[in-house]
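Secondary and tertiary structure notes
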Protein chains: 2
Amino acid sequence: MFIGVDLGGTNIAAGLTDESGVILRRACVKTLSERGPEAVAKDIADICLNLCEQSGTDISAVRWVGIGSPGAVDSAAGRVLNAYNLGFADVPLADMVRAHLPDTKIHLENDANAAALGETAAGGAKGYASSVCVTLGTGIGGGIIIDGKIYTGFNGGAGEIGHHVIVADGVPCKCGRKGCWEQYASATGLIRLTKKTMDSAPESLMWRLSREHGKVGGRTAFDAMRAGDAAGRAVVDEYLNYVAIGITNIIDILQPEAVCIGGGIAGEGQPFLDALSPLVYGGVFKAGDKATALRLATLGNDAGIIGAGFLGLD
Amino acid sequence: MFIGVDLGGTNIAAGLTDESGVILRRACVKTLSERGPEAVAKDIADICLNLCEQSGTDISAVRWVGIGSPGAVDSAAGRVLNAYNLGFADVPLADMVRAHLPDTKIHLENDANAAALGETAAGGAKGYASSVCVTLGTGIGGGIIIDGKIYTGFNGGAGEIGHHVIVADGVPCKCGRKGCWEQYASATGLIRLTKKTMDSAPESLMWRLSREHGKVGGRTAFDAMRAGDAAGRAVVDEYLNYVAIGITNIIDILQPEAVCIGGGIAGEGQPFLDALSPLVYGGVFKAGDKATALRLATLGNDAGIIGAGFLGLD
């Protein structure tokens with residue numbers, strides 16, 4: 001058995017998993033990172049011990065605890081280098097947790113990388129030795145798996161695919177660059193595009209749908225398109241073009257065996273993938289007969305827990 | 001000793017090298033690929049035997065022959081999958097050469113990947129375990145080295161960094177996409193940008209320089225800038241911005257230990273790198289304290305021969 005911990009800005013979510021990635025028992029506490037890293041590390045250790053106690057398992061039966069943390073991580077050293085939304089800078093988090101669990105191995109990794117490992121080991125990219133996992137959420141997260149292992153780059157920071165620029169001098173991004181993929185292909189980007197199109201389409205169904213839901217959301221244009229709204233379809237088409245540009249870029253650079261797409265937008269499911277596929281395959285630089293597979297993520301919010309549990313497999 | 005063969009659309013260039021990558025003797029014949037792959041393979045074998053004979057070396061002292069070929073290559077199978085400028089499709093080139101050199105190991109790889117290995121093993125990226133080598137020439141070539149080995153992706157096609165889109169729906173590229181990095185940051189892109197700027201700057205020194213050289217070239221704007229021409233500086237500034245966007249994208253995705261820049265434009269040397277560096281470092285997504293080094297390629301046109309010679313080290 002493994003324990004996977006998904007350390008987030010709001011919650012610490014953890015699961016006791018079997019070795020195929022099935023979550024046997026789960027637990028969640030508030031992160032409250034303003035208490036500082038020592039308190040968070042103590043809570044992580046406590047949640048691990050509680051998971052064991054509740055499931056009648058001795059901690060010695062847990063082969064390791066894997067922790068996915070936001071921000072830049074030095075996994076070899078077990079340090080969180082910087083995680084802005086936790087306020088952590090150069091924190092030896094693995095050692096801090098180990099102080100409370102002295103006989104347990106602790107592995108630490110970036111949370112998006114851990115989630116990518118989860119999808120590759122037990123989710124949408126299962127069976128593929130190399131994959132890039134893309135999360136289209138509020139932002140765009142990414143994780144690169146090569147030969148079944150997380151690829152971190154030499155400094156732990158690889159896989160920031162959301163911040164590669166696809167529109168030179170485009171929309172400013174909080175990372176400091178202009179025109180990052182995240183600004184166009186995240187849910188945030190989709191909502192911006194939806195609002196812009198609505199402004200020039202006063203008759204669009206999107207106005208009624210967004211009033212009914214109290215806001216313009218990531219589903220507004222998709223729902224309108226399904227109801228036959230031309231402006232909704234135009235938004236979705238433009239949005240899919242941006243999604244495809246980034247995915248095709250990743251394939252041209254890395255040619256992974258699979259690209260696995262998750263996050264809220266991927267909840268649109270197979271029709272989303274079916275509409276995206278020709279845009280990607282029409283653009284990729286051909287390399288012989290073998291083409292990267294496009295897959296939907298299947299683990300949802302559990303990818304972080306499950307992937308963290310697999311961290312010791314490396 | 002190794003023999004490295006750089007198979008090009010025009011020439012087959014080869015070198016007998018020592019194990020540090022020094023070319024001891026070199027030879028070159030016309031490719032004449034229209035004769036078909038068997039004739040080209042025979043010429044590759046003959047050039048290897050001639051190199052040995054001219055240097056008083058028995059072919060048995062050559063540990064292997066490495067061949068860098070344009071196009072998509074399946075290096076494990078020793079096949080050129082497709083190389084448009086040779087007219088080769090699914091050619092078992094390694095076997096064809098081996099038929100003439102039965103006791104010699106033959107390694108085959110994409111030419112840009114071989115050149116990247118050369119720069120990493122013995123050139124500008126020497127000493128770095130991971131690197132991305134970027135060639136800013138007529139187009140943009142690329143090669144990715146991870147842990148000292150060429151990263152090819154699952155199908156041999158990785159590293160097509162020139163065809164990642166940085167301007168969504170931008171300038172059409174021969175690969176079929178619009179707005180590829182190659183259209184903006186290659187010498188061809190620089191020349192397009194130079195001509196466009198000249199059209200709106202009739203007083204620019206670039207007009208006189210290009211008349212003197214008989215054409216607008218990749219150096220026109222750089223030479224004008226050095227002579228104090230404002231329009232020339234504007235071209236160079238805009239061009240450097242495009243170069244930096246692509247390099248920063250690569251770093252955000254891969255965080256290699258070094259990016260090594262070669263090709264004709266890199267002939268501008270250290271001032272080019274000094275102007276480029278702040279644009280790149282100002283944009284990269286920070287990952288702790290360790291930043292990717294930017295280096296100039298040092299092997300020039302020999303990178304392909306030298307890198308091909310190192311192919312057997314993998």
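What counts, and at which threshold
- Residues numbered from 1 in each chain as written.
- Chains lettered and ligands numbered in written order.
- Predicted model: local features only at pLDDT ≥ 70, side-chain atom pairs only at ≥ 80, totals over all residues.
- Heavy atoms only, no water.
- Contact = heavy atoms within 4.5 Å.
- Buried area = accessible area lost by both parts, 1.4 Å probe.
- Salt bridge = Lys/Arg side-chain N within 4 Å of Asp/Glu carboxyl O.
- Polar contact = N/O pair within 3.5 Å; in protein donor to acceptor, adjacent residues only side chain to side chain.
- Helix = DSSP H or I, 4+ residues; strand = E, 2+ residues; numbered from the N terminus.
- Pairing = 2+ DSSP bridges.
- Axes fitted to C-alpha atoms, helices over the stretch in contact; angles between N-to-C directions.
- Parallel < 35°, antiparallel > 145°, perpendicular 65-115°, else oblique.
- Left-handed = near helix turned anticlockwise from the far one by under 90°.
- Nonpolar A, V, L, I, M, F, W, Y, C, P; charged D, E, K, R; others polar.
- Phe/Tyr/Trp six-rings, centres within 6.5 Å; stacked < 30°, edge-to-face > 60°.
- Buried < 20%, exposed > 50% of the residue type's maximum accessible area, 1.4 Å probe, protein only.
- Core = buried A, V, L, I, M, F, W, Y, C linked by side-chain atoms within 4.5 Å.
- Domains from an automatic or database assignment.

Interfaces are often described in size by the accessible area the parts lose on coming together. Taken residue by residue, the interface counts 43 residues in chain A and 43 residues in chain B. Roughly 3800 Å² of surface becomes buried between chain A and chain B when both sides are summed, with 61% attributable to carbon and sulfur atoms. Joining chain A to chain B, the criterion identifies 2 salt bridges. If you look at where chain A meets chain B, you find 25 residue pairs in polar contact (both at pLDDT 80 or more). Contributing elements (two or more residues each) for the side of chain A that touches chain B: β6 (79–83), β10 (140–146) and α8 (230–254) of chain A. Top contributing element to the side of chain A that touches chain B by residue count: α8(A), with 9 residues.

When you line up the elements, G157(B) lands in the loop between β11 (149–151) and α4 (182–185). Considering only alpha carbons, one finds G157(B) and T138(B), 19 residues apart in sequence, at a separation of 20 Å. Once residues within four sequence positions are removed from consideration, G157(B) is found in contact with D252(A), Q255(A), A287(A) and T152(B).

Residue and element names in this part refer to chain A. Across the sheet, 3 strands lie side by side as β5-β6-β7; this open sheet has antiparallel pairing. Edge strands, defined here as strands with exactly one partner in the open sheet, are β5 (72–74) and β7 (88–91). Each adjacent strand pair in this sheet contributes to an overall mean axis angle of 20 degrees, direction not counted. Relative to β7, β6 runs antiparallel, the two being bridged by 3 bridges.

Residue and element names in this part refer to chain B. You can see T138 is positioned in the loop between β9 (131–136) and β10 (140–146). Sequence separation between T138 and V65 is 73 residues, and the spatial gap between their C-alpha atoms is 28 Å. Once you skip the residues sitting within four places of it in the chain, T138 turns out to touch S186 and T188.

Another aspect to go through is the packing of helix α8 (residues 230–254) of chain B against helix α9 (residues 270–281) of chain B. Residue and element names in this part refer to chain B. Viewed as axis vectors pointing N to C, α8 and α9 meet at an angle of 55 degrees, and their least axial separation amounts to 9 Å. Considered as vectors, α8 and α9 are oriented oblique to each other. Remark: the crossing between α8 and α9 carries right-handed chirality. Residues Y239, L240, N241, V243, A244, I247, T248 and I251 of α8 form the contact with α9, whose own contacting residues are F272, A275, L276, L279 and V280. Class assignment for the residues of the contact of α8 with α9 results in 11 nonpolar, 2 polar and no charged.

What follows covers the packing of aromatic side chains. Residues and elements named next belong to chain A. Within the structure shown, the criterion is met by 10 aromatic pairs over all chains. Ring plane angle 10 degrees and centroid distance 4.5 Å describe the contact between F2 and W64, whose orientation is recorded as stacked. Residue F2 is found in strand β1 (residues 2–7), and its partner W64 is found in strand β4 (residues 64–69); the two are separated by 62 residues along the sequence. Just as F2 is buried, W64 falls in that class too. Note on F2: relative accessible area 1%, which makes it buried. Taken together, the ring pairs in this structure connect F2, W64 and F310 into an aromatic cluster.

Among the nonpolar cores identified, the biggest contains 113 residues, and I247(A), F272(A), I247(B) and F272(B) are the most heavily contacted of them. Setting aside anything within four residues of it in sequence, one finds F272(B) in contact with L136(B), F222(B), Y239(B), L240(B), V243(B), I261(B), I265(B) and L296(B).

Once that is clear, we can look at the packing of helix α5 (residues 187–199) of chain A against α8(A). Residues and elements named next belong to chain A. Interhelical geometry of α5 versus α8 gives an angle of 145 degrees and a closest axis separation of 10 Å. Every pair of crossing elements has a handedness; the one defined by α5 and α8 is right-handed. Counting all contacts with α5, which are made through L190, L193, T194, K196 and T197, the residues of α8 involved are A231, V235, E238 and Y239. Per-class residue counts for the contact of α5 with α8 are 5 nonpolar, 2 polar and 2 charged.

This brings us to the domain arrangement of chain A. Residue and element names in this part refer to chain A. For chain A, the assigned domains read domain 1 (2–118 + 302–313) and domain 2 (127–297). Each of domain 1 and domain 2 has a C-alpha centre, and the two are 28 Å apart. Contacts between the two partners involve 9 residues from domain 1 and, on the opposite side, 11 residues from domain 2. Both sides of the domain 1 and domain 2 interface together cover about 720 Å² of buried area, and 59% of this is carbon and sulfur.

On to the sheet that holds strand β13 (residues 293–296) of chain B, then. All names here are of chain B. Read across the sheet, 5 strands follow the order β11-β10-β9-β12-β13 without closing on themselves; strand pairing throughout is mixed. Either end of the sheet is taken by a strand with one partner, and the two such strands are β11 and β13. Strand-to-strand, the axes of this sheet are offset by a mean angle of 30 degrees, without reference to chain direction. Here 3 bridges tie β10 to β11, and the two strands are oriented antiparallel to one another. Among the inter-strand pairings, I144 is bridged to a residue of β11, identified as Y151.

Residue and element names in this part refer to chain B. Most of strand β8 (residues 106–110) sits inside the fold, with 4 of its 5 residues counted as buried. Sheet analysis places strand β4 (residues 64–69) next to β8, joined by 5 bridges and oriented parallel. Its bridge partner lying in β8, I67 is registered against L108.

Moving on, we come to the pattern of salt bridges. Within this structure, the stated rule accounts for 24 salt bridges over all chains. One salt bridge in this structure joins D43(A) and R35(A), with 2.7 Å as the shortest N-O distance. Accessibility expressed as a relative area gives 39% for R35(A), which makes it partly exposed. One salt bridge connects E268(B) with R226(B), and the closest N-O pair in it is separated by 2.8 Å. Remark: R226(B) occurs in helix α7 (residues 220–226) and E268(B) occurs in the loop between β12 (258–262) and α9; sequence separation between them is 42 residues. Each of R219(A), D223(A), R226(A) and E268(A) takes part in a single network of salt bridges with overlapping partners.

Side chains on a regular strand alternate between the two faces of the sheet. Residues and elements named next belong to chain A. Across the 7 residues that make up β10, a large majority, 6, are buried. Relative to β10, strand β9 (residues 131–136) is paired through 6 bridges, and the arrangement is antiparallel. Across the sheet, residue V134 finds its bridge partner in β10, namely G142. Between β9 and the antiparallel strand that follows it, β10, lie 3 residues. Linking two consecutive strands that pair antiparallel, namely β10 and strand β11 (residues 149–150), is a turn of 2 residues; a positive phi of about 50 degrees is found at D147 within it.

Here we come to the environment of G123(A). Residues and elements named next belong to chain A. Within the secondary structure, G123 sits in the loop between α3 (111–122) and β9. For the pair G123 and K196, spaced 73 residues apart in the sequence, the C-alpha separation amounts to 35 Å. What G123 contacts, discounting residues up to four positions off in sequence, is G118, T298 and L299.

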